[in-house]
Amino acid sequence: MFHRLFGLLMLGAVLALPASAGQGGVALVLSGGGARGVAHIGVLKVMEQMRIPVDCVVGTSMGAIVAAAYAAGVPLDEMERQVRAADWDAIFANTVARDQQPFREKQDASRNRSAVSLGYGNGRVLLPHSAIAGQELDRFLQRLIGSADALTNFDSLALPFRAMATDLETGGLVVLDDGPLWRAMRASMAVPGVFLPIEREGRLLVDGGLVLNLPVDQGRRLCGTRVIAVNLGTPPMARDRLQSATDIVLQAINLALEQNVAQQLAQLGPDDALVQVDLGTITSMDFDRVLDTLPLGEAAAQQAAADLARFSVDAESFAAWQRQRELRWRVPEPVIREVVVDGLRYVSPDAMAARLRGLKGEPLDRVALETQIDDLYSGGDFERLRYSLVRDGAVADLHIEAAEKSWGPTFLRFGGGLSADFEGDGAVGLYAGVSRRWLNRWGARLDADIQLGTTNRFRSELYQPLGRNAAWFVAPSIELQTRALPVYNDGNKLADYKVRERTLGLDLGYEVGAWGELRMGLRRGTQRAEVLAGQALYPAVDLHTGWLEASATLDRLDSPFFPRRGYAARLRVERHQERFGSDQDYTLTALNGSAALSYHEHSAQFGVLVSGSLDRDLPAVARTLLGGPFLLSGYRYGELTADQVFLLRGAYYRRISKLPDSLGRGVYMGATYEWASLRAYASADADAGVYRSLSLFVGADTVLGPLYLGAGVSPEVNDLRFFLQFGQPY
């Protein structure tokens, strides 16, 4: 018994000793470098092959992320697996995936009404604090280390760890040694202007590389009389890479980093080792090339093998050290004692509590919790939503950090567009809107929109959910509209009619998650139509209008303009009748649908438009107008009109170039084919027959909306028509 106890005590003492006992501790120091920082994993793989243990790890920026994961005991193969599986585009996107966006936000985007979004408060326009909020990055960091625990000291990790950050207010160095590990990782790489700063104890923290990108002195202070430093370098980008404001900010930071790195390299002595990684043309923002950095990190460590060899230990000692490192400090998931939400200003606490359901009193289910947080974040009210655990034995308090958008809850939206056919015809629409969210604890929202151009419109709607987080809602609205309708005959424009409409509406609706909506409501108003220019082909009319409207909308496209996958459809039925207050009697039905699929860079989109009356002549203002880009592209806007329309369209497009994130998604080349059957009843002035069009175009998916430059031709006209469209003018 005594011998067994003595042996266990001796084994514990051996495991507690530094791996290089008798020669002083060994500190591993990992530099920052953005996307280049993944090369650290390649260096660590070679160090483990050479059986090199270390006693502590310090890092900056991306070096802090790798260092924290290593200190937490994450095996290198697991670390590499997560890096390879990561969707880096999503991690560094400044918006959530369209599948997760609220339905109303998607509808605004599809009409290009939110190309520019700002905030308003305290009598001034407010801007976001950064280009990237970092919600997905936070999630990636938590998954990488496998924990959200708030630690009292990072010395309790498998390897003592420190992360470097910079105090944004004073410019001083901040050494992070406690709290949630992911928060320290996140603060250390919060590049100013790119990522949101992290608040800690009243200070705003940003990327530690601004002060100390290769923290040799901090590693020596923590545990090491000897240091293994891995420097990735941050060479300036060539002039042709400086294509955006983000690129310029990073260039300025890189120039500053090289100065403090040189000072730290000068502190290395003959007993230390330096691994200098040459990453060639890979820059700190080339996250689409992170996997290319792994072999370069391995190659650099192999070149430094002679210097690293003196840190090697025998196989048995290294195996004992590795077992000790990979004894993950995580314990079984705790039972949640309390759920504490911090930081709410305008979002209803009751609504938050109702959404964070099923947590208190139950063992933590991380998947369920993260799903609930994703749902809350996708609502558009928060800059970020993070969580951490404060343990007390087998129970823990769950803390939700809810950082609402600092530029909310009043938002300004701008958009619109223009269209021209190079023959003097076109359309223009400039859009501006204001939205005020959380008018009450049930989440009421007031929208007021104005559009000026070919169509002048003012519309306001109050969206009132019928309960906390309720899917049912009521929506009273008012709309004032003046639109110009062209009148053609055999391709010749004869007149423009001006139609003035005033409408009051009340809808009852049901929101189907983030992808659909059902509505039914009544409309009452007036309508006046008169000639604006040209021949008076129709008499002036002054009518009362009233109708019952039902609609169903579905939107699961991944992009509103150049989708690669998904489908969308909208069905609308209007019943105009005397009992609803209408001077006219007719039924109007419209179905517009599309679906997209892709293979590599090739995409195809198919669409259908069915609209009009099934059995009767329609008023001129209710007929469907065709012509213009992708609605029979060989014709001018409004050149064709009919009581009944059945149109099929197909499009092929291929991305030929990627745009910088600050400008958009990409540049495309493509072609469309459209076929339509038009029918008129008693309308002698309506078009009837079969019409076809073929078009070729170059397009760009920009942050301000879609841009198309193309040419369309119709066999029925045999006349080439060029078109330019930017945004959505109609």
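Here the structure is a predicted model, which is why all the values come from computation and not from measurement.

Visitor: Pulling in residues and values, what's your account of the UniProt feature "short sequence motif: GXGXXG" (unreviewed entry) in the protein?
Guide: UniProt annotation of "short sequence motif: GXGXXG" (unreviewed entry) refers to residues 32-37 when read in the numbering used here. End-to-end, the C-alpha atoms of residues 32-37 are 6 Å apart, and along that stretch the chain is 0% helix and 0% strand.

Visitor: Before we move on, could you go through the domain arrangement of the protein and cite the residues and values that matter?
Guide: Its domain assignment divides the protein into domain 1 (26-101 + 127-330), domain 2 (335-404) and domain 3 (410-727). Taking the mean C-alpha position of each, domain 1 and domain 2 sit 28 Å from one another. Here domain 1 packs against domain 2, burying approximately 1,600 Å² in sum over the two surfaces, 42% of which is carbon and sulfur. The three residues of domain 1 that bury the most area against domain 2 are Q135, R139 and D149, which together make up 32% of that side's buried surface. At the boundary of domain 1 and domain 2, one finds six salt bridges. With a shortest N-O distance of 3.0 Å, R139 and D374 are connected by a salt bridge. Counting every contact that joins domain 1 to domain 2 gives eleven residue pairs in polar contact (both at pLDDT 80 or more). Residue assignment for the side of domain 1 that touches domain 2 shows that the elements contributing at least two residues are α7 (135-145) and α8 (181-188).

Visitor: Outline the side chain of R523, listing residues and values.
Guide: Counting through the fold element by element, R523 comes out in strand β22 (residues 516-534). Under the relative-accessibility criterion, R523 is labelled buried at 10%. Of the polar contacts made by the side chain of R523, one reaches the side chain of D507; its length is 2.6 Å.

Visitor: Provide a residue-level description of unusual backbone geometry, including the pertinent values.
Guide: Here G408 and P409 are connected by a cis peptide whose omega angle stands at 5°. Along the chain, P409 turns up in the loop between β15 (395-404) and β16 (410-420). Even without glycine at this site, N469 takes up a positive phi of about 55°. Mapped onto the elements, N469 comes out in the loop between β19 (455-465) and β20 (472-489). Overall, the relative accessible area of 33% leaves N469 in the partly exposed class.

Visitor: Outline the state of the cysteines, supporting the account with residue identities and numerical values.
Guide: Inspection of every chain in the model, using the stated rule, returns one disulfide. The disulfide bridge from C56 ends at C223, spanning 2.0 Å between sulfur atoms. Measuring the twist about the S-S bond at about -80°, one finds the C56-C223 disulfide to be left-handed. Of the two residues, C56 sits in strand β2 (residues 56-60) while C223 sits in the loop between α9 (216-222) and β11 (226-231), which places them 167 residues apart along the sequence.

Visitor: So what's going on with the packing of aromatic side chains? Residues and values would help.
Guide: On inspection of all chains with the given rule, the structure shows 17 aromatic pairs. Between F630 and F697 the ring centres are 5.6 Å apart and the planes differ by 75°, which places this aromatic pair in the edge-to-face class. Here F630, found in the loop between β27 (624-626) and β28 (640-642), pairs with F697, found in strand β31 (residues 689-702); they are 67 residues apart in sequence, far enough to count as distant. No difference in accessibility class separates F630 from F697, as the two residues are buried. Ring geometry for Y635 against Y691: centres 5.8 Å apart, planes inclined by 80°, an arrangement best described as edge-to-face.

Visitor: Go over the environment of E674, please, and point to the residues and values.
Guide: In this structure, E674 sits in strand β30 (residues 664-679). The class for E674 is buried, based on a relative accessible area of 1%. A sequence separation of 44 residues divides E674 from F630, and the C-alpha atoms of the two residues are 7.2 Å apart. Aside from chain neighbours lying at most four places away, what touches E674 is F630, L631, L632, S633, L648, R649, Y691, R692, S693 and S695.

Visitor: So what's going on with the environment of L548? Residues and values would help.
Guide: Tracing the backbone through its elements, the reader meets L548 in strand β23 (residues 541-555). For the pair L548 and R523, spaced 25 residues apart in the sequence, the C-alpha separation amounts to 6.5 Å. What L548 contacts, discounting residues up to four positions off in sequence, is M520, G521, L522, V573, E574, R575 and F580.

Visitor: Before we move on, can you summarise the pattern of salt bridges with the specific residues and values?
Guide: Under the defined criterion, the tally for this structure stands at 57 salt bridges. With a closest N to O distance of 3.0 Å, D272 and R220 form a salt bridge. Here D272 is found in the loop between α10 (245-265) and β12 (273-276), whereas its partner R220 is found in helix α9, with 52 residues between them in sequence. The closest approach of N and O atoms between R483 and E501, which form a salt bridge, is 3.1 Å.

Visitor: How would you summarise the sheet that holds strand β14 (residues 382-392) if you had to cite specific residues and measurements?
Guide: Read from one edge to the other, the open sheet built from three strands follows the order β13-β15-β14, with strand pairing classed as mixed. Either end of the sheet is taken by a strand with one partner, and the two such strands are β13 (335-342) and β14. For this sheet, the mean angle separating the axes of adjacent strands, direction not counted, is 20°. By the bridge criterion, ten bridges tie β14 to β15 in an arrangement that is antiparallel.

Visitor: Talk me through the pairing of β20; I want residue IDs and the actual numbers.
Guide: Remember that side chains alternate between the two faces of the sheet whenever the strand is regular. Summarising the sheet, β19 and β20 pair through nine bridges and their orientation is antiparallel. Across the sheet, R457 pairs through a bridge with Q481, a residue of β20. Between β19 and β20, which pair antiparallel in sequence order, lie six residues; one of them, G467, sits at a positive phi of approximately 140°. Of the strand pairs in this sheet, β20 and strand β21 (residues 492-512) are connected by 18 bridges, and their pairing is antiparallel. Note that in β21 the partner of Y488 across the bridge is K493. The loop that links β20 with its antiparallel partner β21 comprises two residues; one of these, D490, has a positive phi angle of about 55°.

Visitor: Can you tell me about α7, naming the residues and giving the values?
Guide: Among the eleven residues that make up α7, nine are buried, leaving the element largely enclosed by the rest of the structure. Considered for burial, the residues of α7 that qualify are Q135, L137, D138, R139, F140, L141, Q142, L144 and I145. With its phi angle positive at about 75°, G146 sits one or two positions after the end of α7.

Visitor: I'd like to hear about a nonpolar patch on the surface, residue by residue, with values.
Guide: On the surface, a nonpolar cluster with roughly 740 Å² of combined accessible area is contributed by L418, V428, L430, I450, L452, F458, I478, L480 and L504. Every element with two or more residues in the nonpolar patch is listed here: β17 (426-436), β18 (445-453) and β20. Here V428 lies in strand β17.

Visitor: Give a detailed account of the confidence of the model for the protein, specifying residues and quantitative values.
Guide: In this model, the protein carries an average pLDDT of 87, and 91% of its residues clear a pLDDT of 70 or more. When the elements of the protein are averaged for pLDDT, helix α1 (residues 2-16) gives the smallest value, 35, and strand β1 (residues 26-30) the largest, 97. Contacts for the low-pLDDT stretch residues 1-23, under 50 throughout, to residues beyond four places or in other chains number twelve contacts.

Parameters at a glance
Residues numbered from 1 in each chain as written. Predicted model: local features only at pLDDT ≥ 70, side-chain atom pairs only at ≥ 80, totals over all residues. Heavy atoms only, no water. UniProt positions renumbered as here; feature names shortened; annotations may be inferred. Helix = DSSP H or I, 4+ residues; strand = E, 2+ residues; numbered from the N terminus. Domains from an automatic or database assignment. Buried area = accessible area lost by both parts, 1.4 Å probe. Salt bridge = Lys/Arg side-chain N within 4 Å of Asp/Glu carboxyl O. Polar contact = N/O pair within 3.5 Å; in protein donor to acceptor, adjacent residues only side chain to side chain. Buried < 20%, exposed > 50% of the residue type's maximum accessible area, 1.4 Å probe, protein only. Disulfide = S-S within 2.5 Å. Phe/Tyr/Trp six-rings, centres within 6.5 Å; stacked < 30°, edge-to-face > 60°. Contact = heavy atoms within 4.5 Å. Pairing = 2+ DSSP bridges. Axes fitted to C-alpha atoms, helices over the stretch in contact; angles between N-to-C directions. Patch = residues over 30% accessible without salt bridge, like charges linked within 9 Å, V, L, I, M, F, W, Y side chains within 5 Å. Areas by Shrake-Rupley, 256 points an atom, 1.4 Å probe, with all protein chains shown as cover. pLDDT = per-residue confidence, 0-100.

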